[in-house]
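As a plain string of letters, each chain reads:
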Number of protein chains: 2
Amino acid sequence: MSWYKQDGLTGIAFSSRIRLARNLRDIPFPERLSEDQAGEVAATVSRALHEIEAGKKWHDLDLQSIDPLHRQALVERHLVSREMTADRPHATLLVRDDERLGVLVNEEDHMRIQALRPGSDLSEAYAEAADLADRLEAKLPIAVSPRYGYLTSCPTNVGTGMRASVMLHLPALGRADLLPKLVQTLSRSGFTLRGYNGEGSRSEGDLYQISNQVTLGRAENDIIRDLNDITEQVIASENKSREAFQEADPVALGDRVGRAYGILANAQAISYEEAMQLMSALREGIELGVRTGPDMETINGILLQIGPASVQWINGREMDARSRDVARADVIKKVLKEKHIHD
Amino acid sequence: MSWYKQDGLTGIAFSSRIRLARNLRDIPFPERLSEDQAGEVAATVSRALHEIEAGKKWHDLDLQSIDPLHRQALVERHLVSREMTADRPHATLLVRDDERLGVLVNEEDHMRIQALRPGSDLSEAYAEAADLADRLEAKLPIAVSPRYGYLTSCPTNVGTGMRASVMLHLPALGRADLLPKLVQTLSRSGFTLRGYNGEGSRSEGDLYQISNQVTLGRAENDIIRDLNDITEQVIASENKSREAFQEADPVALGDRVGRAYGILANAQAISYEEAMQLMSALREGIELGVRTGPDMETINGILLQIGPASVQWINGREMDARSRDVARADVIKKVLKEKHIHD
C-alpha cells in the first residue's frame, strides 16, 4: 500500500508533508553517539512506538543492514532523507504500512516524525504527526527548553522542530521562466523552493517543494496557515500561466500530452529525466482535463518505480545506465498497458 | 490508384524512375513558344497519346488552369517537376490512372515521358518509358540528330534524353555522416545524389535520389546497368552501416521505431520535416524486421498526403503553418488508426 493510492489526486498540489524533529533528553545528538548508544536509541524508540501503536502495522528497517539499492530506493520515494544514506550507525526507518506516517531514527536528530498526505492537506498531516509526537513524548523523555522549545541537533530546527512542506506541480511557471522570481518572493516570507529531488533550478517532472525556513518563535499553526496561503497564491499563478499558454496556442497542451503518452507507451529505453518530463505533461493534461492516457494514480505509481535505484531494486540487481533505461521503459509500458486494459 | 500500392515495398530501394526528353521537330523549344504554339503542342501530344493508348485510362491536367494547391500537391507527389509550377503556358500533365506512366508536356522540353516503379526496377521502368516513346515517335515527328541523338532544350539532356534515377532510403549513412563521401564517389562515376525534395544535404525522411548526369555518348542500357551496380553498392553500404549501429546499441532501433510510432499516432500537431523523419524510423524498422506500427504501404500512403500543399489540397483550403501541422497530424492519426483496426 502506498500513500498516493488513497486519494484521487487531480490538482496542482501533489503532496503535503510535516516533519517534527525530537531528541531524547540527556543523550548526545546522533553525530556524537557511539554505535552502541545509537543502537540503544533505535531500540528505545522502536519499543515505544510499537507499544503506542499496538495493533497497527509498522515496519522497522535498519538502513545500514538492508540492500543499498533498497535504501536508495527509499530515498527516491522520499520515505528516507538523503542524509540517511550516509554511514549512520543504526539509522532506522519506522514506517506505517500506508506509508503516510513514519519516524526516522538516528538521522540528524534522534527522531524525525514524518506525516505525508496527498494533495494540499498540511493541517491534517500536522494533526497526525503532532498526535504521534505527543504520544511518543508521553513514553519517552524529550529534550525541551522552556525558553527555546524543542532542542535539535542543528540550530535551524530549534523551537517547533517543524518543517512543513507542500510539493506542487508547476510546469507553466517553469516554461514561463517565472521560478527565479518565485524563489525570491518566497525567501522574503521565510520559505524556500526546491526541486523534487532537491535540485535548485528546473526540477525533474516540474515538481517543486515549498517549505518553511523558520522554526523558532512562531507557532506551528501560524507556519501552516502561512504556507497554506502561499500554496494558494502559487497555484493561482500557475493556473494563470497555464491559461496564458493555452490562449497563445490552444493545440500545444493536447499535442504535448499526446506525444508524451505516445513516447512513454512505446519507447524501449528512457532516461529518468525524460520520463519525469513526459509524466509532467501527462499530469498537466489530467489537471487541465485533457483525456489522454492514464489517470493520476497510475502516473504517481510510475513515479515511485522509475528512479535509478528503484529500477535496480525492482529488478533485483545492479544495472548500468543503459540497462536501467531499458528496464524503466519496460516498467512504464507495463503499467500503461495494464491501465489501458482496465479503462 | 497510386503507383506505390501495387507492390509490397520492403527494401531500401523506394522507387525507380526513367525520364525521356523528346521534342517535336521544326517547332521551337517551350522557352521560345508563343502561348498559341504551346497550346498546339499540348493538343497534338494529347491527341497522339490518347490514340495510341486507346482503351486505357489517362488523365489530362492543364497545370495553369487547375487549383495552385493541386498543382503544388502534384509536385510533392513527384508527378510533376518543380519547373512545371512556373508560369509555363499550357504546361500539361498526362498521367495514366496507375500513376506509373506519364508525359509532361511543355516543361523544359515538349515531352518528358516518365515511368515510375516501386523498388529497384529501372529496366522495367525503362522498357515501359521507351515503349511509349517509340509509339509516340511513330505518330509524331521527333527532333533527332543523326550525330547527337535526341535534341533537347538544355544541352545536358542531348543524346539519349534519358535521366534514370533510383530513390533510396539511407538513414544509417546519414547518421554515420557518410553521405558527403558518397556524393563525391558518385560524382566521379557521373552520377549525382539529391534529397527527396531536391535538397543537397540531409534529406527529409532520409530518402535520396541517385541519377545519371551524362546523357550523351552512352547507350541507355549501359547507363541503367551502371546505375543498378551503384544502387547495389550503396544498399550494401547502408546495410553495413545499419549493422554497425545495431551492434553498437541493439536497443536503439526498436526504441527509435517505437517512439516514432508513438508520436505519429498521438501528436496533435506535426511539421512536415518531423513527420518525414519519424516515418524514416518506421521505414527502417520495417526494413530491419522490427514489427511496430504500420506496414510500408501505409507509410508510403501517408508520405503522399502530408506535404504542405497536399495537406491544404486534401482539406480544400489554404492554411497557415500551424493549421497545416494540425491537419497533418489528423491525417496521420486517421491512417494509422484505420491500419491498426485492419491488422
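Just so we're clear, the structure is a prediction, and the values are computed from it rather than from any experiment.

Calculation criteria
The residue count restarts for each chain, going from 1 along the sequence in the order it is written. All chains are assigned letters beginning with A, and all ligands numbers beginning with 1, in the order in which they are written. Residues qualify for local features only when their pLDDT is at least 70, as the model is predicted, and side-chain atom pairs are given and counted only at 80 or more; totals for whole chains, interfaces and linings, by contrast, use all residues. Computation of side-chain values covers all heavy atoms of the structure but excludes hydrogens and water. For each residue, the accessible area found with a 1.4 Å probe, counting protein chains only, is set against the maximum for its type, and the residue is called buried under 20%, exposed over 50%, and partly exposed in between. Helix numbers and strand numbers start at the N terminus; a helix is a DSSP run of H or I with at least 4 residues, a strand a run of E with at least 2. A pair of strands counts as paired when DSSP detects no fewer than two bridges linking them. Within 6.5 Å between ring centres, the rings of Phe, Tyr and Trp (the latter by its six-membered ring) count as paired, and their orientation is classed by plane angle as stacked under 30 degrees, edge-to-face over 60, tilted in between. Placement of a charge over a ring requires the Lys NZ or Arg CZ to be within 6 Å of the ring centre, with the centre-to-atom vector within 35 degrees of the ring normal. To estimate how far a helix should reach, multiply one less than its number of residues by 1.5 Å. The set of buried Ala, Val, Leu, Ile, Met, Phe, Trp, Tyr and Cys residues whose side-chain atoms join them within 4.5 Å is what this entry labels a nonpolar core. In this description, contact between two residues means that some pair of their heavy atoms is separated by no more than 4.5 Å. Throughout, an axis means a line fitted to C-alpha atoms (over the contacting stretch in the case of helices), and angles, computed between N-to-C directions, take values from 0 to 180 degrees. Residues reaching a pLDDT of at least 70 in both copies supply the C-alpha atoms on which the copies are superposed by least squares.

Further remarks concern the pairing of strand β8 (residues 162–169) of chain B. Residues and elements named next belong to chain B. Burial analysis of β8 places 8 of its 8 residues in the buried class, the great majority of the element. Burial along β8 is two-sided: M162, A164, V166 and L168 facing one way and R163, S165, M167 and H169 facing the other are all buried. When strand β1 (residues 13–22) meets β8, the two strands line up antiparallel, connected through 7 bridges. What sits directly across from I18, in β8, is A164. Note that β8 and strand β10 (residues 207–212) share 5 bridges and pair antiparallel. Bridging from a neighbouring strand, L168 pairs with Y208 of β10.

By convention here, two paired aromatic rings are described through the distance between centres and the angle between planes. In the structure shown here, the tally under the stated rule is 1 aromatic pair over all chains. Taking 6.5 Å as the distance between ring centres and 75 degrees as the angle between the ring planes, the aromatic pair formed by F14 of chain B and Y196 of chain B counts as edge-to-face. Of this pair, F14 of chain B sits in strand β1 while Y196 of chain B is found in the loop between β9 (191–195) and β10, placing the two residues 182 residues apart along the sequence. Pair check on accessibility: F14 of chain B and Y196 of chain B agree, each one buried. When the ring centre of F245 of chain A is taken as reference, the NZ or CZ atom of R175 of chain A above it lies at 4.8 Å.

Before going further, it helps to examine helix α7 (residues 252–266) of chain A. Side chains that are three or four residues apart share a direction in an α-helix, a result of its 3.6 residues per turn. End to end, α7 of chain A covers 21 Å across 15 residues, agreeing with the expected 21 Å (1.5 Å per residue, within 8%). Where α7 of chain A is concerned, the buried positions are L253, G254, D255, V257, G258, R259, A260, Y261, G262, I263, L264 and N266 of chain A.

In this section: the nonpolar core. One finds Y196 and L264 of chain A together with Y196 and L264 of chain B to be the most contacted residues of the largest nonpolar core, which totals 63 residues. Beyond its immediate sequence surroundings of up to four residues, Y196 of chain B is in contact with F14, E76, H78, M167, S203, E204, L207, Y272, M276, L303 and L304 of chain B.

This brings us to the sheet that holds strand β4 (residues 101–105) of chain A. All names here are of chain A. As summarised here, the arrangement of the 8 strands in space is β2-β3-β4-β5-β1-β8-β10-β9, forming an open sheet in which the pairing is antiparallel. The strands lining the two open edges of the sheet, one partner per strand, are β2 (58–62) and β9 (191–195). Mean inter-strand twist for the sheet, computed between neighbouring axes without regard to direction, equals 20 degrees. Bridge analysis of strand β3 (residues 92–96) against β4 gives 4 bridges, and the strand direction is antiparallel. In the strand pairing of β4, V95 is matched with G102. Along the sheet, helix α1 (residues 35–52) contacts β2, β3, β4 and β5 (111–118); its crossing angle with β4, the most-contacted strand, is approximately 160 degrees.

Okay, the relation of the copies chain B and chain A next. Overlaying chain B with chain A gives an RMSD of 0.0 Å, the required rotation being 180 degrees about an axis along which the chain moves by 0.0 Å. Within this description, the copies of the chain are treated as partners about a two-fold rotation axis. Residue G262 of chain B of chain B places its C-alpha closer to the rotation axis than any other residue of that unit, at 1.9 Å. Here 100% of the interface residues in chain B have copies in chain A that are interface residues too; the copies meet face to matching face.

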